[in-house]
Amino acid sequence: MIDTPSLVDQYCHGVLRTELGLGTFEAHLGRGEGPPAPGTTFFDTQTGFAVRRWCPPLLDLEPHCPAPHYLARRRELGVVEAGRRLLRGSGITAYLVDTGLPDDLTGPAELGAAGGASAHEIVRLELLAEQVADTSGTVESFLGNLAESVHGAASTAVAFTSVAGERHGLALAPEPPDAGEVRGAAGRWLAARQVGGELTDPVLLRHLLWIAVASGLPLQLHSGASNPQDYLTRFARATAGLGTDLVLMHGYPYHRHAAHLAGVFPHVYADVGPALVRTGARATALLAEILELVPFGKLLFSSGARGLPELHVVAARLFQEALGRVLGGWVAEGAWSRSDADRVAAMIAAGNARRVYGLAAS
Amino acid sequence: MIDTPSLVDQYCHGVLRTELGLGTFEAHLGRGEGPPAPGTTFFDTQTGFAVRRWCPPLLDLEPHCPAPHYLARRRELGVVEAGRRLLRGSGITAYLVDTGLPDDLTGPAELGAAGGASAHEIVRLELLAEQVADTSGTVESFLGNLAESVHGAASTAVAFTSVAGERHGLALAPEPPDAGEVRGAAGRWLAARQVGGELTDPVLLRHLLWIAVASGLPLQLHSGASNPQDYLTRFARATAGLGTDLVLMHGYPYHRHAAHLAGVFPHVYADVGPALVRTGARATALLAEILELVPFGKLLFSSGARGLPELHVVAARLFQEALGRVLGGWVAEGAWSRSDADRVAAMIAAGNARRVYGLAAS
Amino acid sequence: MIDTPSLVDQYCHGVLRTELGLGTFEAHLGRGEGPPAPGTTFFDTQTGFAVRRWCPPLLDLEPHCPAPHYLARRRELGVVEAGRRLLRGSGITAYLVDTGLPDDLTGPAELGAAGGASAHEIVRLELLAEQVADTSGTVESFLGNLAESVHGAASTAVAFTSVAGERHGLALAPEPPDAGEVRGAAGRWLAARQVGGELTDPVLLRHLLWIAVASGLPLQLHSGASNPQDYLTRFARATAGLGTDLVLMHGYPYHRHAAHLAGVFPHVYADVGPALVRTGARATALLAEILELVPFGKLLFSSGARGLPELHVVAARLFQEALGRVLGGWVAEGAWSRSDADRVAAMIAAGNARRVYGLAAS
């Protein structure tokens, strides 16, 4: 058996503070644009089955018990106690938390306390810019405040995270826009914008990315389910040698491409975790595919969990089980040595993240 | 063992009525633009090996017997008797038959009678439009007759099927064209067209798709081997909430993308079957990949078989074996419960298709 | 067990003649744009682990011994003796060698002698054109000399190889350029060029490809890690029926697409080997994926090795092990017959390459 005693979750969100019924819980298992189709339920997915496999025992129930039983027990314990049991049962000892969602979720301190773990903040660039826009009167003050906010965030956060790729379909130019373009785009955006309005302007998204690159903090790039290769290759080339690491998030079904880029560029890293949560019983196969091309010092575990502590649990358990099976299988057939396997497991589970984000060893 | 006693084949064609020699049989195993390369044969493919594995026993021969022996026995029994034995040995109890091919193949009634199964018609939109064009004198009569034909077909068929994606490389605009564009395109097409001429005009292909969407009948979309994601995402978004289901056909090697879309959009479904026939001994691996992201209520079995009843057999047997191995394996390792596995197997084999196409339970 | 006694390596380079230290050896394990990231090493990759698994026993060490031990032993034996032992332990009996790299590597005769194998030359088109340009004074003499050089090379080499796809991102037009375009492009390139300058002009790259197609010699097409499908489909269609075979090289992670194209076009072939070297312990899974769609007479083994004889060894051993496991597994579960498996193994290991390149049987 390969041991992975301690996990660093390099990207997640907090959990909901409210009690959940069957329907509200189910809604957090979906990942789509709408409710389940008539005659179907989001419980009938790999994620739903994985939740029913791993979580009931942490609340004193049998694995695979019916969802209504599980939710009744969860409410009986209360959201706080159920959350504590789940998070402490996950094996995660450090959370890096993206605080840039509109949902009312627990923040890093509250999540860490519930889970008996350390916790660190990841700042989402687009929300930061929207918040700065809400309080800036002019283009000049907006741009000045933005630079100052990113600079300030860099002194307390462990990473920046960007959803520019998701918002603009990976068609962004890889270079930084020039000052005139930025002022023009800022002026148009501020003039047309309501308070709370979302940032989708490509020039400002690029400007934000490059302010973040200049900060030197690791930058996480989300790209949804589009083929990220062309854009990310060009952006990686444009940022090579600047001293800032890029972490490619959520690559499925392009996880092999992300692993490839992590092998090509010294400052590029790949993520694993959300793909495992989505694919459940197939997590072992997915992890094996990622481990084809990624250098072993370039892969980082994360859960991507949001709202439900069940998702932190499922990510961690699937990851540990998959890592044990994949690496253990290679040891059994003689392809890897046992000591190499233990060493690589510790790197992916925690060591790589500690090094990239400058976290203290646990 | 996971049981899947009854299969609904949600997409296939009829079979040839003529006796076949080695060369004519082999030609139906290829999937390409031309004959086999010098020094090679289409029997040396996964499909060829799968036919030699599964079909000889249904004609009283040993599995893997040489192809000439198999074909001699097939001719000895005669095409009718051989077809009856093969189709009845497939385990398929309902066929949904695309009747829109130029080949002289058995229709739904004849296929169902030979196979001891029920059979239903799927109408291919592009052939319907070409037939209407053959008998319409003016643009106005063509467009009127087209709407009437689609409407009429919707009352007898169980689904529409479209090869617009294959004919126009998935570069179609997702929105319906406006009436002026449609009249213009129809005028140009009819003026230039010979009787029997193929429909490839993108405006008319889009017009056809949207007439079909308006009918409310499930619409099957074929996309060949191109990456369907961008186009299908936009078309799915454009048709969301209209009450018409879309079934994504033949996704390999983009089956994971199709499964992803079925998870994102409530009205989108994914297909499995032809990918299994093409990949033979790898069918188990393929099915497992599809089952990563597809919600279990969103996947439908089909054979995609055309011309040879052997292909219906191979699709059904490979599917049943793969389903048993994949789901049975997950039960064995504790990832799924046995009752969930049985339930999901019945959904993918038949239940989902019965619900989507409104078929009576067998 | 499936036997593959003799391997034809349809694409490789020679090996270095100099002694290597830990750092210079490690540099040849990377495949990227830069050194390993801080805190990481290229030894911690599937390729690095595979080298440590397969090569130490050929130099009298234990598998998985530490890299410094291995390199000390390698220097103790000397680069010539170590190279002899490694190459002769690989199981490769014929090398097809791309001589078009600037590195100082052993040529075909020297590689063959060291490995106790036959060796044949592959001519890289782009280098040939650059060499012709270095010695041609005018556009007319350049174009004349180029045609003559390609023609001459065709009489001694077994294949041409082209990196046009890597240099121009697979956005090349599939048709041959016309004579006026070629003269214009040649004039501009020669006027702007320094001696040794690289050929990246798309018109001249296309012109070169079409001169090679006219020679009738098999043409190997490299496409890096971009999705080659659109370009290669169009180029395959443009060259269909001309009598020249195309061999698609290095497809990962698009190996399934390459296998698909080999199934669609009679004159298109697919390559396996470099993908196995890169993915190491996953070689079995990769080979299985390639064998989904490729007709078994259309797949050819190669190592893609460059500089280190260790890479020839790893490619050969991973391939033989993977082939044994994949085909042996299918025999064990009844999907394939034993005689079919042995026959297909011999085809992929050597027979297909002998037929395509017109090599004598060993």
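- Where an unreviewed UniProt entry is consulted, chain A appears under the name Amidohydrolase family protein, with the organism given as Streptomyces polyasparticus.
- We quote the UniProt Sequence similarities (unreviewed entry) comment for chain A here in full: "Belongs to the peptidase S8 family."

## Considerations on the relation of the copies chain B and chain A
Stage number 1. Each copy superposes on the other: chain B lies on chain A with an RMSD of 0.0 Å after a rotation of 120° and an axial shift of 0.0 Å. The superposition of one copy onto the other is thereby described by a three-fold rotation axis.
Stage number 2. In this assembly the copies use different faces: only 3% of the residues contributing to the interface of chain B also contribute to that of chain A.

## Remarks on empty space enclosed by the protein
Stage number 1. Applying the stated criterion to the full structure yields 17 cavities of 30 Å³ or more.
Stage number 2. Its volume calculated, the largest cavity comes out at about 240 Å³.
Stage number 3. Lining the largest cavity are 13 residues, and of these A:Pro253, A:His257, B:Pro253, C:Pro253 and C:His257 sit closest to its centre.
Stage number 4. Among the secondary structure elements, those contributing two or more residues to the lining of the largest cavity are α12 (255-264) of chain A, α12 (255-264) of chain B together with α12 (255-264) of chain C.
Stage number 5. The element contributing the most residues to the lining of the largest cavity is α12(A), with three residues.
Stage number 6. Residue composition of the lining of the largest cavity, grouped by class: six nonpolar, four polar and three charged.
Stage number 7. In this structure, the second largest cavity occupies an estimated 120 Å³ of space.

## So, the sheet that holds strand β8 (residues 299-301) of chain A
Each strand in a sheet pairs with another by means of backbone hydrogen bonds, the pair being arranged parallel or else antiparallel.
Residue and element names in this part refer to chain A.
Stage number 1. A sheet is described by the order of its strands in space; here eight strands give the open sequence β1-β2-β3-β4-β5-β6-β7-β8, paired in parallel fashion. Edge positions in the open sheet fall to β1 (7-12) and β8, since each of these has one partner strand only. Here the average twist between neighbouring strands, direction ignored, is 30°.
Stage number 2. Across the sheet, helix α10 (residues 202-215) touches β4 (159-162) and β5 (219-222), and the angle it forms with β5 is around 150°.

## Quick word on the packing of aromatic side chains
For any pair of aromatic rings, the description rests on two quantities: the centre-to-centre distance and the angle between the ring planes.
All names here are of chain A.
Stage number 1. Inspection of the entire model under this criterion finds 30 aromatic pairs over all chains.
Stage number 2. An angle of 20° between the planes, with centres 5.9 Å apart, marks the rings of Tyr 231 and Phe 235 as stacked. Linking Tyr 231 with Phe 235, this pair stays in helix α11 (residues 229-239), spanning four residues, or about one helical turn.
Stage number 3. Overall, Phe 235 belongs to the buried group, its relative accessible area being 1%.

## Here's the deal with helix α15 (residues 309-332) of chain C
Note that an α-helix has 3.6 residues per turn; residues three or four places apart therefore point the same way.
Stage number 1. With 24 residues, α15(C) should cover 34 Å at 1.5 Å per step; its first-to-last C-alpha distance of 34 Å lies within 8% of that length.
Stage number 2. Looking one or two places after α15(C), you find C:Gly334, whose phi comes out positive at around 85°.

## Considerations on the interface of chain B and chain A
Stage number 1. Counting residues at the interface gives 32 residues for chain B and 29 residues for chain A.
Stage number 2. Of the roughly 2,700 Å² buried where chain B meets chain A, counting both sides, 50% is carbon and sulfur surface.
Stage number 3. Of all residues in chain B, B:Arg256, B:Glu292 and B:Leu293 bury the most surface against chain A, accounting for 22% of the area lost on that side.
Stage number 4. Scanning the region where chain B abuts chain A turns up five salt bridges.
Stage number 5. In this structure, the connection of chain B to chain A is made through 17 residue pairs in polar contact (both at pLDDT 80 or more).
Stage number 6. For the side of chain B that touches chain A, the elements supplying multiple residues, two or more each, are α11 (229-239), α12, α14 (283-293) and α16 (338-357) of chain B.
Stage number 7. Among the elements that make up the side of chain B that touches chain A, the one with the highest residue count is α12(B) (six residues).

## Section: the relation of the copies chain A and chain C
Stage number 1. Least-squares fitting of chain A to chain C yields an RMSD of 0.0 Å, with the superposition described by an axial translation of 0.0 Å and a rotation of 120°.
Stage number 2. Mapped onto chain C, only 3% of the interface residues of chain A again fall at the interface, so the copies present different surfaces.

## Here's the deal with the side chain of A:Gln46
Stage number 1. Structurally, the position occupied by A:Gln46 is in helix α2 (residues 46-54).
Stage number 2. Judged by relative accessible area, A:Gln46 falls into the buried class, the value being 2%.
Stage number 3. Only 3.4 Å separates the side chain of A:Gln46 from the side chain of B:Trp336, close enough to count as a polar contact.
Stage number 4. Sequence-distant contacts of A:Gln46, that is, excluding residues within four places in its chain, are made with A:Arg278, A:Thr279, A:Gly280, A:Ala281, A:Arg282, B:Leu291, B:Glu292, B:Phe296, B:Trp330 and B:Trp336.

Rules and cut-offs
- Residues numbered from 1 in each chain as written.
- Chains lettered and ligands numbered in written order.
- Predicted model: local features only at pLDDT ≥ 70, side-chain atom pairs only at ≥ 80, totals over all residues.
- Heavy atoms only, no water.
- UniProt positions renumbered as here; feature names shortened; annotations may be inferred.
- Least-squares fit on C-alpha atoms with pLDDT ≥ 70 in both.
- Contact = heavy atoms within 4.5 Å.
- 1 Å grid on protein atoms, 1.4 Å probe; cavity = no way out; pocket = protein on both sides within 12 Å on 5 of 7 lines; lining within 4 Å.
- Points joined across faces, edges and corners; volume = space filled by probe spheres on them.
- Helix = DSSP H or I, 4+ residues; strand = E, 2+ residues; numbered from the N terminus.
- Nonpolar A, V, L, I, M, F, W, Y, C, P; charged D, E, K, R; others polar.
- Pairing = 2+ DSSP bridges.
- Axes fitted to C-alpha atoms, helices over the stretch in contact; angles between N-to-C directions.
- Phe/Tyr/Trp six-rings, centres within 6.5 Å; stacked < 30°, edge-to-face > 60°.
- Buried < 20%, exposed > 50% of the residue type's maximum accessible area, 1.4 Å probe, protein only.
- Expected span 1.5 Å × (residues − 1).
- Buried area = accessible area lost by both parts, 1.4 Å probe.
- Salt bridge = Lys/Arg side-chain N within 4 Å of Asp/Glu carboxyl O.
- Polar contact = N/O pair within 3.5 Å; in protein donor to acceptor, adjacent residues only side chain to side chain.

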